[in-house]
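# Analysis of the macromolecular model
What follows is the residue order along each chain.
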Amino acid sequence: MTHRFQAAVVGMGPAGMAAAIELARAGVKIALIDQAPLPGGQVYRQPPGEFSMPPGLAPSRHNIGHALRRELAQAGSSLTFLNGAVVWGAFSPGTLSVHQTGRNYEVSYEKLVICEGAQERIIPCPGWTLPGVISLGGLQKMITTQGIAPRGRVLLAGSGPLLIGTAAAVVGAGASLVGVYEAVSFTSLMSLGLGMMAWPRLLPESFSYMSELIFKGVKVHFNWGLKTLSGDDRVREATLVRLDGSGAPIPGSERIVPVDVVGIGSGLQPHVRLARLIGCRTEYDPDRRYFAPVTDTWGQSSQTGVYIAGDGGGVGGADWSEVQGRISGLHASWSLNRMGCDQLGSFSSRWLRSKRRLQAYVNALHRVFTPKDGHYSSITPETVICRCEAVRAGDLMARMKMGEQDLTALKPSRLAMGPCQGRGCEGIATEMLRLHDVPRENLKALHLRPPIIPMPLSAFSKHTERVSGSRS
Ligand SMILES: Cc1cc2nc3c(=O)[nH]c(=O)nc-3n(C[C@H](O)[C@H](O)[C@H](O)COP(=O)(O)OP(=O)(O)OC[C@H]3O[C@@H](n4cnc5c(N)ncnc54)[C@H](O)[C@@H]3O)c2cc1C
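Calculation notes
Residues numbered from 1 in each chain as written. Predicted model: local features only at pLDDT ≥ 70, side-chain atom pairs only at ≥ 80, totals over all residues. Heavy atoms only, no water. Helix = DSSP H or I, 4+ residues; strand = E, 2+ residues; numbered from the N terminus. Rg over C-alpha atoms; globule rule 2.2 N^0.38 Å. Buried < 20%, exposed > 50% of the residue type's maximum accessible area, 1.4 Å probe, protein only. Contact = heavy atoms within 4.5 Å. Areas by Shrake-Rupley, 256 points an atom, 1.4 Å probe, with all protein chains shown as cover. Expected span 1.5 Å × (residues − 1). Phe/Tyr/Trp six-rings, centres within 6.5 Å; stacked < 30°, edge-to-face > 60°. Lys NZ or Arg CZ within 6 Å of the ring centre and 35° of its normal. Salt bridge = Lys/Arg side-chain N within 4 Å of Asp/Glu carboxyl O. Core = buried A, V, L, I, M, F, W, Y, C linked by side-chain atoms within 4.5 Å.

## Focus: the overall build of the protein chain
- The helix and strand inventory of the protein chain stands at 12 helices and 23 strands.
- The C-alpha atoms of the protein chain give 22 Å as radius of gyration, which agrees with the globular expectation for 472 residues (23 Å, within 12%).
- Each principal axis of the C-alpha distribution contributes one length, and for the protein chain these read about 70 × 55 × 40 Å.
- By residue count, 54% of the 472 residues in the protein chain fall in the buried class.
- Put simply, 68% of the contacts in the protein chain that link residues at least 6 apart link residues at least 24 apart.
- Just so you have it, the protein chain exposes about 20300 Å², and 54% of that area is on carbon and sulfur atoms.

## Digging into helix 8 (residues 318-335)
- End to end, helix 8 covers 26 Å across 18 residues, agreeing with the expected 26 Å (1.5 Å per residue, within 8%).
- Counting buried residues along helix 8, 16 of its 18 residues qualify, which places the element largely inside the surrounding structure.
- Two residues or fewer after helix 8 comes N337, characterised by a positive phi angle close to 60 degrees.

## Structural notes on the packing of aromatic side chains
- One pass over the structure, following the stated rule, counts five aromatic pairs.
- Of the aromatic side chains, those joined through ring pairs into one cluster are W88, F91 and F460.
- Sitting over the face of the ring of W224, R255 holds its NZ or CZ atom 4.3 Å from the ring centroid.

## Points about the pattern of salt bridges
- In this structure the tally under the stated criterion is 23 salt bridges.
- For D260, the salt bridge goes to R153, with nearest N and O atoms at 2.9 Å. Of this pair, D260 sits in the loop between strand 15 (255-258) and strand 16 (261-266) while R153 sits in strand 10 (residues 153-159), and the two are 107 residues apart along the sequence.

## Some words on the nonpolar core
- Ranked by size, the top nonpolar core spans 70 residues in total, and within it L156 and L177 carry the most contacts.
- With 10 residues, helix 9 (residues 341-369) is the single largest residue contributor to this core.
- If sequence neighbours within four positions are ignored, L177 has contacts with V154, L156, A167, V170, V171 and V218.
- With 30 residues, the next largest nonpolar core counts A8, L112, I453 and M455 among its residues.

This is the structure we're talking about:
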């Protein structure tokens, strides 16, 4: 029994849902695949059906997500949902290896839209691996989708919209927030307001988070960062330090705060796992300080028939991701002869206009929040860089001094050799190489091998069957 889909969309976040809506409306037979049980992705993640959503996400954002999910549900019968399904490999052109509830199978496609989303960027400091230290997004999701509030004194440090959103969620959940420390200056943050004017839909969301903080009397400290975290069996103290214009600590300005829970995070970087495995070309972007796939206006990658949309193609937020997903979905439908050039032109013009307007906001976001050299140059030798293999910065520094010039050459330290294959440490080590004057052409992303997502061994103990949408 062999089945074949015309298109596969990986990821049910705003990008994947939007791409699937456009493909299904055009009558394309598609598989929409996500390891999560329900559509939503990071930002619109839903609790199981029998539970209601606790407060946390701004009402305007909640409503946008609700409307998108409703649109998806009504998109058409050519759509097959493969939820709770992990895409872990791609062994031949046009096929994906999927593991779903104890079964391995392959999904075949003519067009693929990859919407893998983003992951948090952590700039490590000594003690960041202690129990009680959690990423901002992880903390926010615990509160907003599971209703779990942190107990004791909570401190948040880092940078970016997620810092303020998480702070609002923490106080909204009634937890004790002892400090919010943002690395950028207040003036920089205000300059973001101008970028937002190009996309006013973001204003109610921002006001909602800010007013929650003002109403609860939370003070945000600007130009501050974490120097160290310390404790015994868990985090007990945070040492914070004022930062200068380059992001470097100002000696003598330290402040010690007793803590029980610390949320950290310095923005997002694209997930480029499946795209890399399939061979899509990536490039290091020095202005955003991450590796991103190379794509054209429609999201087409360097691999024929493979599109990349949403944060996985370059971080821009939920609305940006939705718009990118619509554009890629429409183009993929056109390339499958499901619409003519005129229809592609008229259906996509609205989304291409939105993309141009959003670009101003996305550029401002990166200008304000992308970490500066000082954030990385202040990483001390004892700091753990690769959490899976406990590789410290000092080991990498010593290898660079001996002349190692790229990520692969640093691998004998066991950097990126753990189950996550460098998801967290690759970006930090790249910045360390850059500060060591390694030429840009040497800054290349590591090769990934399947499984691209850590999987239990039991997943491979059964034979693989081929599954797709239509019998032949
Ligand atoms: C932790 C976190 C918290 C965030 N909180 C907010 C917020 O509060 N407000 C806000 O506006 N923005 C928030 N963002 C940003 C926002 O989530 C993104 O901008 C937006 O969701 C990106 O949409 P996307 O469709 O590109 O990816 P996502 O929404 O991230 O969706 C990607 C989906 O792909 C699936 N996936 C990835 N790889 C595979 C695979 N190999 N197999 C199967 N499934 C796979 C994932 O399970 C996920 O559901 C957050 C981001 C993160 C990382």
